[in-house]
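Listed below, chain by chain, are the residues.
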Amino acid sequence: GHVLDVREVRLSAGAGFVVAICGDQPFFSTSDWFIGSTPMKAGIPSGVREQTLKFPYNDLAAVQELFDRHPRQIACVVLEAERIDAPRPSFLRSLRDLCHGQGALLVFDEMITGFRWHLGGAQAVHGVTPDLSAFGKAMANGFSVSALAGSREVMRLGGSAHDRDRVFLLSSTHGAEGHGLAAAIATMRFYESHPVVETLHTRGRRLREGFDRAVADHGLREHVELAGRDCSLLFVTRDADRRPSQAFRTLFLQQLIRRGVIAPSFVVSYSHTEADIDATVEAAHGALAAYRRALEDGVERHLDGRSVRPVFRRYA
């Protein structure tokens, strides 16, 4: 494969340069370059919105097409190595080679997969090391801290021991904030001495198996399913016509809450016991019974309030 030559890398998304992101994945940043690519783009200058391109996950040909349409202009390609669907064989490795051959950086968003898929993140699972990686969330067990990691040849460009333009501005506005860093250090030490990741997979597998049995018991296989890896499960809700439905998602959430379970997703934590998992499966049984009734006589009759809606929407 191609070897990255840092001299050819375009680290600035300024005039003439663009960023390519996976359009199938929901969230990458609160910055204008990303928000401008969503339906909530009001107030973002058109010049900024034009700097972000999208491609489908697992589609190397689509990425190649972007490089062909924007030769030597794509500064980096950003995606989660895996979210719901697993990468096709060689997709990630071929994507890295393609980026390097075009002088672009490959960036993995490990906010969810880091400290959950594997101690080394999804990149360790799939054996592909990107040029830059972003970590957060479980890294400090809920405290507000994140990290940017990468190869030395790229990260050093944020310092002053080179003759190129500097990147990666580090602001001292929150320089005195130390408890997030302390929490991150304590969390990483805990990971070193406890089977956290292994437990997440084990508990998640128990939850998946129990939930799948409940779905089958209520004859809802075509309407409700779990997606993702055992350690990070998401549920999918569909209406009577088998179309994704926010109303049925609302009903399912409502019915779980009535049974003492708050579950916007089924992402397990190390604190969840086997008894917690079993209680969740039991609550799901009751919620799915209500789901079945709603399919028969209309979901609106069973909702207590307004339906939940997607995060990225133009109007409130």
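Quick caveat: nothing in here was measured; it's all calculated off a predicted structure.

A word on the packing of aromatic side chains. Counted according to the given criterion, the structure contains 15 aromatic pairs. Between Phe115 and Tyr191 the ring centres are 5.4 Å apart and the planes differ by 85 degrees, which places this aromatic pair in the edge-to-face class. Of this pair, Phe115 sits in the loop between strand E4 (105-109) and helix H5 (122-126) while Tyr191 sits in helix H7 (residues 179-193); the two residues are 76 residues apart in sequence, bridging distant segments of the chain. Here Phe211 and Phe266 contribute two aromatic rings whose centre-to-centre distance is 5.4 Å and whose plane-to-plane angle is 80 degrees, an arrangement assigned as edge-to-face. On the criterion of sequence distance, the pair formed by Phe211 in helix H8 (residues 196-217) and Phe266 in the loop between helix H9 (246-258) and helix H10 (274-297) is long-range, its members being 55 residues apart. By the burial criterion, Phe211 is buried, and Phe266 matches it. These aromatic residues form a ring-pair network of at least three members: Phe27, Phe28, Trp33, Phe34 and Phe312.

Okay, the sheet that holds strand E1 (residues 18-22) next. In spatial order, the strands read E2-E1-E3-E4-E5-E6; together these 6 strands make up an open sheet with mixed pairing. The strands lining the two open edges of the sheet, one partner per strand, are strand E2 (52-55) and strand E6 (147-150). For this sheet, the mean angle separating the axes of adjacent strands, direction not counted, is 25 degrees. The sheet contact formed by E1 and strand E3 (residues 74-79) spans 4 bridges and is parallel. When the bridges of E3 are listed, Val18 appears paired with Ile74. Against the sheet, helix H3 (residues 60-69) contacts E1, E2 and E3, and its axis sits at roughly 150 degrees relative to E2.

Now for the pattern of salt bridges. If you walk through the whole model with that rule in mind, you get 12 salt bridges. Glu274 is the salt-bridge partner of Arg206, the closest N and O atoms lying 3.4 Å from each other. One end of the pair, Arg206, is in helix H8; the other, Glu274, is in helix H10, with 68 residues separating them in the sequence. By relative accessible area, which is 39% here, Glu274 ends up partly exposed. A single salt-bridge network, built from bridges that share partners, covers Arg203, Arg206, Glu274 and Asp278.

The rules we used
- Residues numbered from 1 in each chain as written.
- Predicted model: local features only at pLDDT ≥ 70, side-chain atom pairs only at ≥ 80, totals over all residues.
- Heavy atoms only, no water.
- Phe/Tyr/Trp six-rings, centres within 6.5 Å; stacked < 30°, edge-to-face > 60°.
- Helix = DSSP H or I, 4+ residues; strand = E, 2+ residues; numbered from the N terminus.
- Buried < 20%, exposed > 50% of the residue type's maximum accessible area, 1.4 Å probe, protein only.
- Pairing = 2+ DSSP bridges.
- Axes fitted to C-alpha atoms, helices over the stretch in contact; angles between N-to-C directions.
- Contact = heavy atoms within 4.5 Å.
- Salt bridge = Lys/Arg side-chain N within 4 Å of Asp/Glu carboxyl O.

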